[in-house]
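The lines below spell out each chain.
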Amino acid sequence: MRILVLVLLLQRASADSLIASEIVDLFYPPVREQAASANCPHNGPSLRRWSGASTWPSGSVPRSGQDVVLPAGTKVLIDAPLPGVFGFITVPATSELIFANSAITVDALGFKVLGALRAGSPTCPISSNIVITLHGTRPTGQTQRPDWYKGIYVEGTLDLHGEQPWPAWTRLRVPANRNGRELVLQHEVDWRVGDVVVVVTTALQDSRDWHRNEERTIIATGFQWMPDGGRVSKLTLDRALEYDHYASTAYQAEVGLLSRRIVVQGAAANSPPTDTTPARCEETPAVVRVTDYAPCPNTYLTGYGGHVMASGSQSTARVAGVEFYRMGQTNIIGRYPFHFHMMGAEGGARSYMHGCSVHESYYRCVAVHGTSNTSVSENVLFDVIGHCVYLEDGVEENNKITYNLAALVHFIGSPASDLGQQIAEVTQSANLAIPADIAAAGFYITNTNNEIVGNAASGGWTGFSFPLLDAPIGLHRNVAMKPSARPMLRFEGNSAHSSSFWYQSAGAMYFGGKLYIENDVLIYDAGRQERDTCTKLLEPDKGCRTTDDLWMTLRSTKVYLTMGNGLTHWGKRVEIIKYEASDVGLGLSILGFDWVDQMLVQCRTGLAPQLPCKAGSGCNDWETAGRYWTSRGFEWCVRTSTSKIILPSSW
C-alpha cells in the first residue's frame with residue numbers, strides 16, 4: 001500500500017503577481033530565433049514558370065477546369081495567383097511544384113504528389129500570403145473518390161513552411177473582462193495587426209450549444225510592464241469581449257493565434273455542414289447535469305472539408321506555420337485536416353507538424369496513424385468535430401506531442417453518459433464511424449508510450465482520453481501487442497479544463513473506456529475499464545506479470561473547471577507527482593495502488609464560474625448541480641480506493 005500525501009493551500013497571490021500555477025510546472029516551447037533566409041526552393045536553379053507556355057508540352061498554359069500533370073523531370077514555379085478552379089494537379093515522382101514567396105491563390109479539386117510540393121523550407125519560411133483552396137462535394141451513397149479528391153495526397157515530399165509565431169498560444173496575465181477590448185498576456189508575442197486570435201473559455205461547459213470562446217482580430221499591439229519588472233504583450237481587439245475570461249493564481253484563460261501566412265482550406269461553398277439545426281435538444285434524465293439541454297445528436301454530420309494525407313514509409317511531410325481551415329470530412333475515416341498515414345518509424349522521424357493552426361474542422365485535427373517518431377508541436381486547434389489529436393490504431397509510439405492547445409472539441413452523436421460507473425456500449429455506424437467519438441477529447445491517446453508534454457485542453461467530453469485497447473484496431477488489428485499495457489513514456493506539464501460535463505465519473509483527464517473489434521465492427525464502452533502497465537507481457541497480447549509491473553506516472557498535471565472529476569484513473573497503479581485541481585466537482589478519483597506527491601485541491605476558489613441555466617433555477621447557482629457542486633468536505637473532493645490519506649492541514 002502506498003501513502004497519499006495531500007497539501008492544501010488556500011492563499012492566493014495578488015493579481016499583480018499572477019503565475020500560471022502554484023505547484024505544477026507548465027511548459028512553453030523555447031524562444032525561436034529567426035535566422036536569415038537560406039535554401040529557398042523558389043530561388044533555386046532550373047525553375048520553369050507555371051505561366052510560361054514553354055513549360056508545357058502542349059505549348060499552352062493550363063486553364064481553369066483542366067486536370068494538370070506537371071512535365072516529368074521539371075521544377076515548376078507558381079509565382080502569381082492562378083485564375084479559376086483546376087481539376088486534379090499531379091506532380092510526378094521526378095517533378096516538383098514550388099510556390100514563390102508572393103501573394104498566391106490556387107484552387108483545385110485536389111493534388112496528387114508523387115514528387116514534391118514545396119512552399120518555403122525550414123530555413124526559408126514564407127512571409128507572404130499563400131492560399132490553397134480545395135473544392136468538391138460530398139459523395140452520395142457508396143460512391144468512392146480517390147485519395148486526392150478535395151485533398152493533398154502525398155507519396156513523395158510535402159514541404160510547407162510559413163513564418164511561425166512565437167508562442168503560438170499563451171495565457172492571460174490579468175483577467176479580460178466583459179466589454180473590454182484589451183488582452184494582457186503572459187508572454188511577449190510576435191503576433192501582428194490583422195491576425196485573428198481565440199480567447200478560450202473559463203466557463204464550466206465548452207460545447208457547441210453553449211460556450212464562451214471568442215474570436216477577435218488584433219487592431220493594435222503593444223507592451224505592458226508588470227510590477228515584477230517583466231514586460232509582456234498587450235493586444236487591442238476589434239470588438240469588445242462578450243464574456244469574462246478569468247486569470248487568477250488558480251488558472252488563466254488561454255489565448256491562441258489562428259492566423260498563419262500559408263492557408264490550406266476547404267471551399268466555403270461546399271465544405272461546411274448543412275445540417276446545423278436545431279443546435280440544442282432536450283436531454284434525457286440520465287445525462288442531465290446543470291442544464292436541460294445538449295447539442296443535438298443528429299446534426300453536424302455533413303461537413304466535407306479538405307484534407308491532407310502523407311502516405312507510406314517513403315513519404316515525408318514537414319509542415320510549419322500553416323493554417324488549416326474548413327478541413328476534415330465528418331465520419332469518413334482517413335479524411336482529416338492533417339494525416340500521418342502508415343509512415344512507420346522512418347517516415348515519421350522525417351516528418352512533423354509545427355506551429356500550425358486548425359480551426360472549424362469537421363473531423364479531427366491531426367491523426368497519427370501507423371506512424372512513430374514524429375512530432376506534433378506548438379499547434380493551436382480550435383472548434384473541432386471528433387477527437388482532435390488522434391493516435392489511431394494503438395501501435396503509434398515514440399511520438400512527441402508537445403505544447404499544443406486544443407479547445408472547443410465536439411463529440412459526435414449523444415454524449416456518453418450514465419449515473420453509474422458503467423455505460424451502455426455503442427457500436428460503429430454510418431453516423432458514427434469511430435464509436436469513441438461519443439466521448440471526443442482534445443487528445444486521444446491509445447498508446448501511452450509517447451511524450452505528451454506542455455499541452456492544454458479545453459472542452460470535449462474529456463480533455464485527455466486514454467482508452468483501453470486490448471489489441472490494436474484498424475489496419476493493425478493483427479499485430480500482436482496490447483496497447484493499453486504499454487508504459488507512459490512521458491506525461492508532464494499538461495492541463496485540462498471545462499470538460500467532464502456529461503458523465504459524473506469522467507475526468508478532465510480520463511484513463512477509462514474501452515475500444516475493441518467484434519465481428520469486424522468497432523465497439524466502444526466509455527465506462528469503467530481497468531488497465532495495467534508493465535515492461536513485459538505474459539504473451540504479446542495478454543496481461544502483465546507481477547514482476548514486470550510499471551507505474552503510470554503523471555507529472556505536473558493541472559485540471560480545473562469540471563462538473564465531474566478533475567482526473568479519473570481506473571487502473572492498477574498510478575503515480576501522480578505535482579497535481580493541482582481547482583473549481584472541480586471531485587478533485588481526484590483513482591483506483592488501485594496510488595502514490596500522490598505535492599497535491600493542491602481547491603474545490604472552490606471563490607470565483608463564480610459561468611455555467612448554463614437549469615430550468616427553474618438561477619444562472620451561476622453552484623448548488624443546483626447536486627452532489628458534485630455541494631461543498632461537503634474532503635470526502636467529496638478526493639476519492640481513492642486503496643490508498644491512505646494523510647492531511648497535514650485542515651480542510
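Described below are features of the structure shown in this document. Everything numeric in this text was worked out from a predicted model, so none of it was measured. (Residues numbered from 1 in each chain as written. Predicted model: local features only at pLDDT ≥ 70, side-chain atom pairs only at ≥ 80, totals over all residues. Heavy atoms only, no water.)

Focus on the sheet that holds strand 15 (residues 214-225)
Line of reasoning, step 1. Taken in spatial order, the six strands line up as 12-17-14-15-16-13 in an open sheet, and their pairing is antiparallel. Two strands bound the open sheet, and with one partner strand each, they are strand 12 (169-171) and strand 13 (182-184). On average, adjacent strands in this sheet sit at an angle of 35° to one another, irrespective of strand direction.
Line of reasoning, step 2. The pairing of strand 12 with strand 17 (residues 254-257) spans three bridges and is antiparallel. Each bridged residue has a counterpart across the sheet, and for Arg 171 the counterpart in strand 17 is Glu 254. (Pairing = 2+ DSSP bridges. Helix = DSSP H or I, 4+ residues; strand = E, 2+ residues; numbered from the N terminus. Axes fitted to C-alpha atoms, helices over the stretch in contact; angles between N-to-C directions.)

Examining the pattern of salt bridges
Line of reasoning, step 1. Scanning the entire structure with this criterion turns up 23 salt bridges.
Line of reasoning, step 2. A salt bridge links Asp 79 to Arg 49, with the nearest nitrogen and oxygen atoms 2.0 Å apart. With a gap of 30 residues between them, Asp 79 in the loop between strand 4 (75-78) and strand 5 (86-91) and Arg 49 in strand 2 (residues 47-49) connect regions that are remote in the sequence.
Line of reasoning, step 3. The partner of Glu 96 in a salt bridge is Arg 118, with the nearest N and O atoms 3.0 Å apart. (Salt bridge = Lys/Arg side-chain N within 4 Å of Asp/Glu carboxyl O.)

What to know about the state of the cysteines
Among covalent bonds in proteins, the disulfide is the one between the sulfur atoms of two cysteines.
Line of reasoning, step 1. Counted under the stated rule, the structure contains three disulfides.
Line of reasoning, step 2. In this model, Cys 281 is linked to Cys 296 through a disulfide, with the two sulfur atoms separated by 1.9 Å. Classification of the bridge connecting Cys 281 and Cys 296 rests on its S-S torsion, roughly 105°, and on that basis the disulfide is right-handed. You can see Cys 281 sitting in strand 19 (residues 280-282) and its partner Cys 296 sitting in the loop between strand 20 (293-295) and strand 21 (307-311), a full 15 residues away along the chain.
Line of reasoning, step 3. Its relative accessible area of 24% is what places Cys 281 among the partly exposed residues. (Disulfide = S-S within 2.5 Å. Buried < 20%, exposed > 50% of the residue type's maximum accessible area, 1.4 Å probe, protein only.)

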